[in-house]
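Okay, here's what each chain looks like letter by letter:
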Amino acid sequence: MNFWQRLFRRKTSPSPDRIQTAPLDPGILARSPAVPTSRRILIGSAQSTGMERNHNEDSLFYLSGSSDGQERMPDFGLFVVADGMGGHRAGEVASSISVRTVARRLTSETILRLFDLEPSDDSPSLQEVVQGALEEANATVVDRVPGGGTTLTAAVWLGGQVTIGHVGDSRAYIINREATRVVTRDHSLVQRLVELEQLTEEEAALHPQRNVLWNAIGQGANLKVDVASHPVPQGGYVLLCSDGLWGTVSDAEIQRTVLTAPDPQSACDQLVQAANAAGGPDNITVILVYFPVA
């Protein structure tokens with residue numbers, strides 16, 4: 001049994017490498033091309049400060065790759081979006097540190113270990129690795145950025161499944177022609193009120209405290225990390241975004257844009273433009289990954 005098979009054994013719910021980090025010049029990110037691997041995985045990303053903010057507190061990271069040979073490794077990818085919060089640029093620093101911490105931990109404990117010639121037999125499950133990475137990010141932000149915090153949504157793709165770790169109200173979607181499904185839960189006060197049936201979805205969308213979070217990286221030791229695994233949506237998409245997108249552009253418009261755009265990069269550009277056209281009240285960040293039919 002090789003390493004990647006052992007990585008999935010405990011919890012089984014469901015090209016050259018390319019790396020992007022942010023905050024960067026939004027113009028650079030918006031112009032980055034779709035990224036094909038040898039199996040036609042396509043990736044797009046885009047980012048904007050929005051129309052009302054004067055600086056960017058969002059961060060993103062993505063990396064993907066594939067290999068062939070006598071013992072072929074699974075195709076792999078890592079995708080991360082974070083939305084910082086806090087005064088005096090503390091949010092910008094918190095999101096950047098969190099993305100770097102999570103990317104380093106997940107790259108080290110998942111992707112790089114695919115290359116081990118003599119893999120260890122006591123490897124933790126992928127879900128445990130993802131949870132540990134977000135917990136480490138939380139401890140690092142608490143230590144280094146007093147008063148700062150951030151949301152963070154990370155997706156690890158290995159072979160036939162995508163494992164998503166999540167804190168806050170950035171989101172992950174799975175999109176195909178049949179449906180657009182939010183696969184993360186917003187850790188906001190108004191969402192909790194919706195779950196308790198004290199607010200309707202329509203009331204929550206207009207609530208003045210809809211952006212207040214009860215759970216975020218950097219806000220203390222009692223962090224709750226949601227982790228879940230999903231089958232790769234063959235012929236479909238995984239989308240990660242900050243609330244600057246989903247809080248402004250409807251799920252129906254997100255689905256329409258993703259499915260009608262010629263490629264993921266064009267879709268990301270159009271989604272950011274739509275959020276800005278609707279007022280752009282917040283920073284906007286989006287990563288879109290297309291998975292072909294095997």
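No experiment lies behind these values; they were computed from the predicted model shown.

Looking at the overall build of the chain
When you go through the chain residue by residue, the secondary structure sums to 9 helices and 11 strands. Looking at the chain as a whole, 55% of its 294 residues are labelled buried. Approximately 13000 Å² of the chain is accessible, and the part contributed by carbon and sulfur atoms is 50%.

Considering the packing of aromatic side chains
Under the counting rule described, the total for this entry stands at 2 aromatic pairs. Consider the rings of Trp157 and Phe291, whose centres lie 5.3 Å apart with planes at 80°: the pair is edge-to-face. Of this pair, Trp157 sits in strand S5 (residues 149-158) while Phe291 sits in strand S11 (residues 284-291); the two residues are 134 residues apart in sequence, bridging distant segments of the chain. Assessed through its relative accessible area of 3%, Trp157 is described here as buried. Aromatic side chains Tyr237 and Tyr290 sit 5.1 Å apart centroid to centroid with 50° between the ring planes, which places their arrangement in the tilted category.

Considerations on the pattern of salt bridges
Throughout the structure, instances matching the rule amount to 9 salt bridges. A salt bridge links Glu136 to Arg105, with the nearest nitrogen and oxygen atoms 2.6 Å apart. Residue Glu136 is found in helix H4 (residues 126-144), and its partner Arg105 is found in helix H3 (residues 90-111); the two are separated by 31 residues along the sequence. Judged by relative accessible area, which is 24%, Glu136 ranks as partly exposed. Among the ionic contacts, a cluster of salt bridges with common partners joins Arg104, Arg105, Glu109 and Glu136.

With respect to the packing of helix H8 (residues 251-260) against helix H9 (residues 264-277)
Direction vectors running N to C along H8 and H9 enclose 150°, while the axes themselves pass 9 Å from each other. When the interaxial angle is binned, H8 and H9 end up roughly antiparallel. Taken as a pair, H8 and H9 cross one another with a handedness that is right-handed. Contacts from Glu253, Ile254, Thr257 and Val258 of H8 reach H9 at Ala267, Gln270, Leu271 and Ala274. For the contact of H8 with H9, a count of residues per class yields 5 nonpolar, 2 polar and 1 charged.

A few points about H4
A rise of 1.5 Å per residue sets the reference length of H4, with its 19 residues, at 27 Å; its end C-alpha atoms lie 27 Å apart and thus fit the reference within 8%. Those residues of H4 lying buried are Leu126, Gln127, Val129, Val130, Gly132, Ala133, Leu134, Ala137, Asn138, Thr140 and Val141.

Looking at the sheet that holds strand S8 (residues 180-182)
Judged by pairing direction, the sheet is antiparallel, and its 5 strands sit side by side in the order S2-S11-S10-S7-S8 without closing on themselves. Here the strands that pair on one side only, and so sit at the sheet edges, are strand S2 (42-48) and S8. Going from strand to strand, the sheet's axes swing by 15° on average, the running direction of each strand aside. Examined bridge by bridge, strand S7 (residues 171-175) and strand S10 (residues 236-241) share 5 bridges and lie antiparallel to one another. If you follow Arg171 over to S10, its bridge partner there is Cys241. Sheet strands in contact with H8 are S7, S8, S10 and S11, and its direction is about 55° off that of S7. Sitting on the sheet, H9 is in contact with S2, S10 and S11, with an inclination near 25° to S2.

Brief notes about the pairing of S11
Among the 8 residues in S11, 8 count as buried, and that is most of the element. The pairing of S10 with S11 spans 6 bridges and is classified as antiparallel. Within S11, the residue paired with Cys241 across the bridge is Val286.

Describing the side chain of Ser98
By the secondary structure assignment, Ser98 is in helix H3. Polar contacts involving the side chain of Ser98 include one to the main-chain carbonyl oxygen of Ala94, which spans 2.9 Å. Residues within four places of Ser98 in sequence aside, it is in contact with Ala137, Val141, Thr150, Leu152 and Ile217.

The rules we used
- Per-chain numbering applies: the sequence of each chain, read as written, is numbered from 1 onward.
- Residues qualify for local features only when their pLDDT is at least 70, as the model is predicted, and side-chain atom pairs are given and counted only at 80 or more; totals for whole chains, interfaces and linings, by contrast, use all residues.
- The side-chain values count all of the structure's non-hydrogen atoms but skip hydrogen atoms and water molecules.
- In this description a helix means any DSSP run of H or I spanning at least four residues, a strand means any run of E spanning at least two, and both kinds are numbered starting from the N terminus.
- When a residue's accessible area, from a 1.4 Å probe over protein chains only, is under 20% of the maximum for its type it is buried; when over 50% it is exposed; and in between it is partly exposed.
- Areas reported here follow the Shrake-Rupley algorithm with a probe of radius 1.4 Å; residue values treat only the protein chains shown as occluding.
- Pairing of aromatic side chains requires ring centres within 6.5 Å, counting the rings of Phe and Tyr and the six-membered ring of Trp. Pairs whose planes differ by under 30 degrees are stacked, by over 60 edge-to-face, and all others tilted.
- Criterion for a salt bridge: a side-chain nitrogen of Lys or Arg within 4 Å of a carboxyl oxygen of Asp or Glu.
- Helix axes use the C-alpha atoms of the stretch in contact, all axes being lines fitted to C-alpha atoms, and the angles between their N-to-C directions lie in the range 0 to 180 degrees.
- For classification, angles of less than 35 degrees are called roughly parallel, those exceeding 145 degrees roughly antiparallel, those between 65 and 115 degrees roughly perpendicular, and all remaining angles oblique.
- By the definition used in this description, the sense in which the near helix is turned from the far one sets the handedness, with an anticlockwise turn below a right angle giving left-handed and a clockwise turn giving right-handed.
- Only heavy atoms matter for contacts: two residues are in contact if any of them lie within 4.5 Å across the pair.
- The nonpolar class holds Ala, Val, Leu, Ile, Met, Phe, Trp, Tyr, Cys and Pro. Asp, Glu, Lys and Arg form the charged class, and all remaining residues, Gly among them, are polar.
- Expected helix span is computed as 1.5 Å times (number of residues minus one).
- Whether two strands pair comes down to DSSP finding at least two bridges between them.
- Polar contacts here mean pairs of N or O atoms no more than 3.5 Å apart (in protein, one a potential hydrogen donor and the other a potential acceptor; neighbouring residues in sequence count only if both atoms are side-chain atoms).

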